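Working through the structure, step by step
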Amino acid sequence: MAIPALHHFLDLADLSKEQFWGLLHLAKRLKDQRQEQGVNEPILAGKSLALLFQKPSLRTRVSFEMGMQHLGGYAFYLSPAEVGLGSRESAADVARVLSGYADGIMARVFGHQDVVDLANWGSVPVINGLSDFSHPCQALTDIFTAWEALGDLTDRTIVYVGDGANNVATSLMMAAGKVDMNVRIVSPVGYMPDPAIVESSGAEVSVTDDLDGVQGADLLYTDVWTSMGQEAERDQRLAAFPAYQVNETLVKRTGNDRVLVMHCLPAHRGEEITDSVADGPASLLFPQAHNRLHAQKAVLAHLLGGVALG
Ligand code: CP
Ligand code: NVA
């Protein structure tokens, strides 16, 4: 039976396991095609994507921009100051205006409701390029990268160390649930994930503040302690997290001499991760960043180009 098409890419909770795997396989096809033939087919010729940002970005902006170009389409960047989403103009109006100009909208926002409103009011596909709640494009890439590195992911264990309540941790749990991985969240008290999110992720998740939780990890994942928009809490967070730094001692504590380390970047080196781990032999940080391009292309080829997921 055909896998149902997606209309938007707002949150991994909206995807079935089959749809998620469909995107992973499509990302692999597009990556292989580009690497073997030097080009992708121009399946998005004549199509355009609006890139709407309320926060800074390197990977998300560039991977979507280059992804559109590789597929024969065009992307245009709209800065926070230019559009003033929610201040100069409502998300509902922005969505209806952009739907007349572009074939899709990728948005990076503070409040998650803004991407939901863009999708509800616009008439083109909307992609969540990070909200305060979730970062589904990152998690799709992370699982793609884990799949490349480990092969079969069933019952593999990914341990996320740090702010278990942030957008990256939330999407990682949801993504792990799609591919039957086990997740451990190792976070200080006060920064653990919402139990409702753990429950809804569909993954086997355990949550602890005990650093022994890293034992047996196949993958060790971390992210910044202070996310974009949380700058006022920075001092308080810097006081809460130091024991949760991913350093060589913590990597050894996994007991797995083949453990691989992941980080969505940008990193605050010397805080959540040390240089020696980020640049060491276990690091997957840059393959992960580069895979954003291939994962983004899969989302674009499906949503804007109608490429089927199976
Ligand atoms: N990981 C990630 O989303 O990076 P940017 O914030 O640079 O887009
Ligand atoms: N949790 C981080 C991820 C950045 C890609 C943030 O929201 O700032």
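Look above for the structure.
Notes on the structure follow. (Residues numbered from 1 in each chain as written. Chains lettered and ligands numbered in written order. Predicted model: local features only at pLDDT ≥ 70, side-chain atom pairs only at ≥ 80, totals over all residues. Heavy atoms only, no water.)

This next bit is on helix α6 (residues 136–150). Helical geometry note: an α-helix holds 3.6 residues per turn, so side chains three or four residues apart project in the same direction. With 15 residues, α6 extends 21 Å between its outermost C-alpha atoms, agreeing within 8% with the 21 Å of an ideal straight helix rising 1.5 Å per residue. Among the 15 residues of α6, 13 are classified as buried, and the element is accordingly described as predominantly covered. Backbone geometry just downstream of α6 places Gly151 in the positive-phi region, at approximately 75°. (Helix = DSSP H or I, 4+ residues; strand = E, 2+ residues; numbered from the N terminus. Expected span 1.5 Å × (residues − 1). Buried < 20%, exposed > 50% of the residue type's maximum accessible area, 1.4 Å probe, protein only.)

Okay, the site of ligand 2 next. Lining the immediate surroundings of ligand 2 are Leu130, Asn166, Asn167, Val168, Asp223, Val224, Ser227, Met228 and Leu265. One of the side-chain nitrogen or oxygen atoms of Asn167 is found 2.8 Å away from an oxygen atom of ligand 2. At 2.8 Å from an oxygen atom of ligand 2 is found a main-chain nitrogen or oxygen belonging to Met228. Protein chains bury 95% of the 270 Å² of accessible surface belonging to ligand 2 in isolation. In the shell around ligand 2, the residues fall into five nonpolar, three polar and one charged. (Near = heavy atom within 4 Å. Polar contact = N/O pair within 3.5 Å; in protein donor to acceptor, adjacent residues only side chain to side chain. Areas by Shrake-Rupley, 256 points an atom, 1.4 Å probe, with all protein chains shown as cover. Nonpolar A, V, L, I, M, F, W, Y, C, P; charged D, E, K, R; others polar.)

Time to look at the pairing of strand β6 (residues 182–186). The buried fraction of β6 is high, at four of five residues. Two strands pair when backbone bridges link them, and strand β5 (residues 157–161) and β6 are joined in this way by five bridges, in the parallel orientation. Within the sheet, the bridge partner assigned to Val159 lies in β6 and is Arg184. In this region the chain leaves β5, passes through helix α7 (residues 167–178) and returns to the parallel neighbour β6; the handedness of that crossover is right-handed. As a crossover connection, the stretch from β6 through helix α8 (residues 195–200) into strand β7 (residues 204–208) is right-handed. (Pairing = 2+ DSSP bridges. Right-handed = clockwise from strand over helix to strand, strands pointing away.)

Strand order in this open sheet of five strands is β7-β6-β5-β8-β9, and the pairing throughout is parallel. The open sheet has two edge strands with one neighbour each: β7 and β9 (260–263). Across this sheet, the average inter-strand angle for adjacent strands is 20°, counted without regard to direction. As judged from the five bridges shared by β6 and β7, these two strands associate in the parallel manner. Looking at β7, one finds that Arg184 is bridged to Ser206. On top of the sheet, α7 reaches β5, β6, β7 and β8 (219–222); it is set at about 170° to β5, its chief contact. (Axes fitted to C-alpha atoms, helices over the stretch in contact; angles between N-to-C directions. Contact = heavy atoms within 4.5 Å.)

According to the stated counting rule, one finds 13 salt bridges in the structure shown. For Asp93, the salt bridge goes to Arg96, with nearest N and O atoms at 2.7 Å. With a gap of three residues between them, Asp93 and Arg96 both fall in helix α4 (residues 91–98), about one helical turn apart. The residue Arg269 makes a salt bridge to Asp279 at a minimum N-O spacing of 2.9 Å. With Arg269 in the loop between β9 and α11 (275–278) and Asp279 in the loop between α11 and α12 (285–303), the pair connects residues that are 10 residues apart, well separated along the chain. (Salt bridge = Lys/Arg side-chain N within 4 Å of Asp/Glu carboxyl O.)

Residue placement: Arg108 occurs in strand β3 (residues 104–108). For the pair Arg108 and Pro42, spaced 66 residues apart in the sequence, the C-alpha separation amounts to 26 Å. Discounting chain neighbours no more than four positions away, the residues touching Arg108 are Leu52, Phe53, Gln54, Lys55, Pro56, Ser57, Thr60, Gly129, Leu130, His135 and Met228. Of the polar contacts made by the side chain of Arg108, one reaches the backbone oxygen of Gly129; its length is 3.0 Å.

Nothing here speaks to function; it is all geometry.
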